[in-house]
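Observations on the model geometry
Okay, here's what each chain looks like letter by letter:
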Amino acid sequence: MNPQQASPPEIVVMGCSAGGLSALHRVLGGLSGPLPVPMVVVCHSGSEDMRVFCELLESRSGLPVLEAEERLLPEPGNVYVAPAGYHLLLERDKRFALSVDPRVAFSRPSIDVLFESAAEVWRHGVLAVLMTGANADGAEGCAKVRRAGGTVVVQDPETAQVPMMPAAALELAGADYCLPLPEISLLLESLCS
């Protein structure tokens, strides 16, 4: 755990791209049950219908998976997925905001946007997880989470379906933990309990 993080995280933010649905299945499906904190996910799925994506994730993980909505307050135990075509941010009142601002790192939704907004609101209470992907989205966000005192977990690039995203994060921001997917599930349960 990040030395500055004396208490369990208050929110888990996750990002992935190419190979992300499979990675999310493995991490979320590896949990013994819902976490006592909200989990918020940006996945560059390429899908315009995130309802199907949420249903697939829920059926494979057994966790409640919802599409994030404007002004919704994320609740512990739920997994929220960014809607297609929108940046997903967390506001100071800890509610979701959606934006159609320009793409960041060629992406909308952007992992950087989610991670950076979560770091501004929760600071040391953020636990960020970055997994497989084919671009550098998330690297800047990981750096901001670490600067704010939060904890960053990066999938070991050697175990990623597409190693570019986790490798970029490690190069730019480093990580508090660099693990294969099954160990990320165990770590989430350990840090959040």
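Up top is the structure these notes are about.
Only a predicted model underlies this, so the values are computations on that prediction, with no experimental measurement involved.

**Some points on the overall build of the protein chain**
The secondary structure content of the protein chain amounts to six helices and nine strands. Taken along its principal axes, the extent of the C-alpha atoms in the protein chain is 40 × 35 × 35 Å. Buried residues in the protein chain amount to 54% of all 193 residues. As displayed, the protein chain has an accessible area near 8100 Å², and 51% of this comes from carbon and sulfur atoms. Where the 13 positive side-chain charges of the protein chain centre and where its 23 negative ones centre are 4 Å apart.

**Some remarks on the pairing of strand E6 (residues 96-99)**
For a regular strand, side chains alternate in direction, first toward one face of the sheet and then toward the other. When strand E5 (residues 87-90) meets E6, the two strands line up antiparallel, connected through four bridges. Across the sheet, residue Leu-88 finds its bridge partner in E6, namely Leu-98. Two successive antiparallel strands, E5 and E6, enclose a turn made up of five residues, where Lys-94 displays a positive phi of approximately 70 degrees.

**Quick look at the pattern of salt bridges**
In this structure the tally under the stated criterion is five salt bridges. With its nearest N and O atoms 2.7 Å apart, the salt bridge here joins Lys-144 to Glu-120. In this pair, Lys-144 is assigned in helix H4 (residues 139-147) and Glu-120 in helix H3 (residues 111-122), connecting sequence segments 24 residues apart.

**Regarding the sheet that holds strand E8 (residues 151-155)**
In space, the seven strands of this open sheet follow the order E3-E4-E2-E1-E7-E8-E9, with parallel pairing throughout. Each of the sheet's edge strands pairs with one partner strand only, and the pair in question is strand E3 (65-67) and strand E9 (177-179). Taken over all neighbouring pairs, the strand axes of this sheet differ in orientation by 20 degrees on average, direction set aside. Direction of pairing for E8 relative to E9: parallel, over a ladder of three bridges. Note on E9: the bridge partner recorded for Val-153 is Tyr-177. Lying on the sheet, helix H2 (residues 50-61) is in contact with strand E2 (39-43), E3 and strand E4 (79-81); it crosses E3 at an angle near 170 degrees.

Criteria and cut-off values
Residues numbered from 1 in each chain as written. Predicted model: local features only at pLDDT ≥ 70, side-chain atom pairs only at ≥ 80, totals over all residues. Heavy atoms only, no water. Helix = DSSP H or I, 4+ residues; strand = E, 2+ residues; numbered from the N terminus. Buried < 20%, exposed > 50% of the residue type's maximum accessible area, 1.4 Å probe, protein only. Areas by Shrake-Rupley, 256 points an atom, 1.4 Å probe, with all protein chains shown as cover. Lys, Arg positive; Asp, Glu negative; His and termini not counted. Charge placed at Lys NZ, Arg CZ, Asp CG, Glu CD. Pairing = 2+ DSSP bridges. Salt bridge = Lys/Arg side-chain N within 4 Å of Asp/Glu carboxyl O. Axes fitted to C-alpha atoms, helices over the stretch in contact; angles between N-to-C directions. Contact = heavy atoms within 4.5 Å.

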